[in-house]
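Summary of the model geometry
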Amino acid sequence: LGKRNAVFLFMDTPCGYDYYKYFSSDFVALGGNVLAKFPNKPEGKDFSKIIESIKLLKPDIIVTAQFGLPLAVFIRELRNAGINTQILCNYEAED
């Protein structure tokens, strides 16, 4: 993707920390910079404080390990705040 400066938003759970740990280590190994990490509650409903920080950091990419409604809320709040930075998300499907 050619992105070098990332922020990471992930669930404050063992799964979320694993997403952050493995993705960020590979990202840094490939020459990227992690500007900040934002663990948050899995049922997150308000991301305004995180979005304020993201706006100040001006990352090239936002990497998120959120699922379902919290992911949709985060993206909506991000776009409503005028942040149009590319977002890299995970996808989860149940069998």
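Residues numbered from 1 in each chain as written. Predicted model: local features only at pLDDT ≥ 70, side-chain atom pairs only at ≥ 80, totals over all residues. Heavy atoms only, no water.

Considering the overall build of the protein chain
Convention followed: Put simply, DSSP H or I for four residues or longer makes a helix, DSSP E for two residues or longer makes a strand, and each gets a number counted from the N terminus. The globule rule is 2.2 Å times the number of residues to the power 0.38, and the radius of gyration it is compared with is taken over C-alpha atoms. The classification of residues rests on relative accessible area computed with a 1.4 Å probe and restricted to protein chains. Under 20% of the type maximum is buried, over 50% is exposed, and intermediate values are partly exposed. A 1.4 Å probe and the Shrake-Rupley method give the accessible areas. Residues count as covered only by the protein chains that appear here. Only four residue types enter the charge count: Lys and Arg as positive, Asp and Glu as negative, with His and the chain ends excluded. Where a charge lies is defined by one atom per residue type: Lys uses NZ, Arg uses CZ, Asp uses CG and Glu uses CD.
If you tally the helices and strands in the protein chain, you get three helices and four strands. Taking 95 residues into account, the globule formula puts the C-alpha radius of gyration at 12 Å, and the protein chain, at 13 Å, falls close to it. In terms of principal-axis extent, the alpha carbons of the protein chain reach across some 35 × 30 × 20 Å. Residue burial in the protein chain is summarised as follows: out of 95 residues, 38% are buried. Looking at the protein chain as shown, the accessible area adds up to about 5,900 Å², and 54% of this sits on carbon and sulfur atoms. With 11 positive and 11 negative side-chain charges, the protein chain shows a spacing of 9 Å between the two charge centroids.

A short note on the packing of aromatic side chains
Let me state the cut-off plainly: Ring geometry is summarised as follows: Phe, Tyr and Trp rings, the Trp one being its six-membered ring, pair when their centres sit within 6.5 Å, and such pairs are stacked at plane angles under 30 degrees, edge-to-face over 60 and tilted between the two.
This model, assessed by the stated rule, comprises eight aromatic pairs. With 4.9 Å between their ring centres and 75 degrees between their planes, Phe10 and Tyr17 make a pair best called edge-to-face. What makes Phe10 buried here is its relative accessible area of 2%. Assessed through its relative accessible area of 34%, Tyr17 is described here as partly exposed. Ring plane angle 70 degrees and centroid distance 5.4 Å describe the contact between Phe47 and Phe74, whose orientation is recorded as edge-to-face. Of this pair, Phe47 sits in the loop between strand E2 (33–40) and helix H2 (48–57) while Phe74 sits in helix H3 (residues 68–80), and the two are 27 residues apart along the sequence. Here Phe47 falls in the buried class, since its relative accessible area comes to 1%.

What to know about the sheet that holds E2
Threshold: Two strands form a pair only when DSSP identifies at least two bridges running between them. To get an axis, fit a line to the C-alpha atoms, keeping to the stretch in contact for a helix; angles then go from 0 to 180 degrees between the N-to-C directions. It only takes one pair of heavy atoms within 4.5 Å for two residues to be counted as in contact.
Across the sheet, which stays open at both edges, the four strands sit in the order E2-E1-E3-E4 with parallel pairing between neighbours. In this open sheet, the two edge strands, each paired with only one partner strand, are E2 and strand E4 (86–89). Ignoring which end each strand starts from, the neighbouring axes of this sheet average 20 degrees apart. Bridge analysis of strand E1 (residues 5–11) against E2 gives seven bridges, and the strand direction is parallel. Note on E2: the bridge partner recorded for Ala6 is Val34. The strands touched by helix H1 (residues 14–29) within the sheet are E1, E2, strand E3 (61–65) and E4, with E1 carrying the most contacts at an inclination of about 165 degrees. Set on the sheet, H3 makes contact with E1, E3 and E4; between it and E4 the angle comes to about 175 degrees.

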